[in-house]
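As a plain string of letters, each chain reads:
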Amino acid sequence: MASTTAFKDRNLIAVIGDEDSITGLLLAGIGHINEHQRKNFLVVDSKTQVSAIETAFQEFTQRKDVAIVLINQHIAEKIRPTVDRYQEAFPTLLEIPSKDHPYDPSKDSVLKRVQKLFGE
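Residues numbered from 1 in each chain as written. Predicted model: local features only at pLDDT ≥ 70, side-chain atom pairs only at ≥ 80, totals over all residues. Heavy atoms only, no water.

Caption draft 1: Representation of the overall build of the protein chain in the model. Scanning the protein chain for helices and strands turns up 5 helices and 4 strands. Counting helices and strands in the order they occur from the N terminus, the protein chain gives β-α-β-α-β-α-α-β-α. Taken over the C-alpha trace, the protein chain has a radius of gyration of 14 Å; the compact-globule value for 120 residues is 14 Å, and the two agree within 12%. Projected onto its principal axes, the C-alpha positions of the protein chain cover 45 × 40 × 25 Å. Expressed as a percentage of its 120 residues, the buried residues of the protein chain come to 36%. A separation of at least 24 residues holds for 64% of the contacts in the protein chain among residues at least 6 apart in sequence. With an accessible surface of roughly 7500 Å², the protein chain has 55% of that area assigned to carbon and sulfur atoms. Across the protein chain, 15 positive and 17 negative side-chain charges occur, with their mean positions spaced 4 Å apart. (Helix = DSSP H or I, 4+ residues; strand = E, 2+ residues; numbered from the N terminus. Rg over C-alpha atoms; globule rule 2.2 N^0.38 Å. Buried < 20%, exposed > 50% of the residue type's maximum accessible area, 1.4 Å probe, protein only. Contact = heavy atoms within 4.5 Å. Areas by Shrake-Rupley, 256 points an atom, 1.4 Å probe, with all protein chains shown as cover. Lys, Arg positive; Asp, Glu negative; His and termini not counted. Charge placed at Lys NZ, Arg CZ, Asp CG, Glu CD.)

Caption draft 2: A nonpolar patch on the surface, seen in detail. A surface patch of nonpolar side chains, about 350 Å² in accessible area, is lined by Val114, Leu117 and Phe118. Among the structural elements, Val114 can be located in helix α5 (residues 109–117). (Patch = residues over 30% accessible without salt bridge, like charges linked within 9 Å, V, L, I, M, F, W, Y side chains within 5 Å. Salt bridge = Lys/Arg side-chain N within 4 Å of Asp/Glu carboxyl O.)

Caption draft 3: Geometry of the pairing of strand β3 (residues 66–72). With respect to burial, β3 is a largely interior element, 6 of its 7 residues being buried. In terms of strand pairing, strand β1 (residues 12–17) meets β3 through 5 bridges, oriented parallel. The residue of β3 that forms the bridge with Ile16 is Ile71. When β3 meets strand β4 (residues 92–96), the two strands line up parallel, connected through 5 bridges. Across the sheet, residue Ile68 finds its bridge partner in β4, namely Thr92. (Pairing = 2+ DSSP bridges.)

Caption draft 4: Spotlight on the side chain of Arg10. Within the secondary structure layout, Arg10 lies in the segment before β1. Buried and without a salt bridge, Arg10 has Asp65 as its closest oppositely charged side chain, separated by 6.7 Å. At 3.0 Å, the side chain of Arg10 forms a polar contact with the backbone oxygen of Arg63. A polar side-chain atom of Arg10 sits 2.8 Å from the main-chain carbonyl oxygen of Val66. Dropping the residues within four chain positions of it, Arg10 is found in contact with Arg63, Lys64, Asp65, Val66, Ala67, Phe90 and Pro91. (Polar contact = N/O pair within 3.5 Å; in protein donor to acceptor, adjacent residues only side chain to side chain.)

Caption draft 5: Highlighting the nonpolar core. The biggest cluster of nonpolar side chains holds 18 residues, and the ones touching the most others in it are Ile16, Ile53, Phe57, Ile71 and Leu93. Per element, the largest residue contribution to this core is 4 residues, and it comes from helix α2 (residues 50–62). Setting aside residues up to four positions removed in sequence, Ile71 forms contacts with Ile16, Ala76, Ile79, Leu93, Leu94, Glu95 and Ile96. Membership of the second largest hydrophobic core comes to 6 residues, among which are Val15, Ile22, Ile30 and Leu70. (Core = buried A, V, L, I, M, F, W, Y, C linked by side-chain atoms within 4.5 Å.)

Coordinates in, geometry out; function isn't part of it.
Here it is, written out as structure tokens:
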């Protein structure tokens, strides 16, 4: 079991998502800008380059103040190799649906690992 020092300072949720998902989560209060003017969210639209998504993913998964990274599943598909390589417990990675893209369990990297663990 992980010690409490591994996650005691992790108190933020980071989000990579479409405008509707980010807006809803910001209205729920997850938005944060730290002292270095770094946000804990990235709004992805049709103009957002894949490299920008990968950079945000790497930043959010390396930050010591982030406990959970939420990413819209259709956006995770754009960086699927990077998402599939991520194996850390903290921050936890969760793929979420969006208004226009329903959740597909067959594409979820975490669910795939669980199924593999149980031999399914």
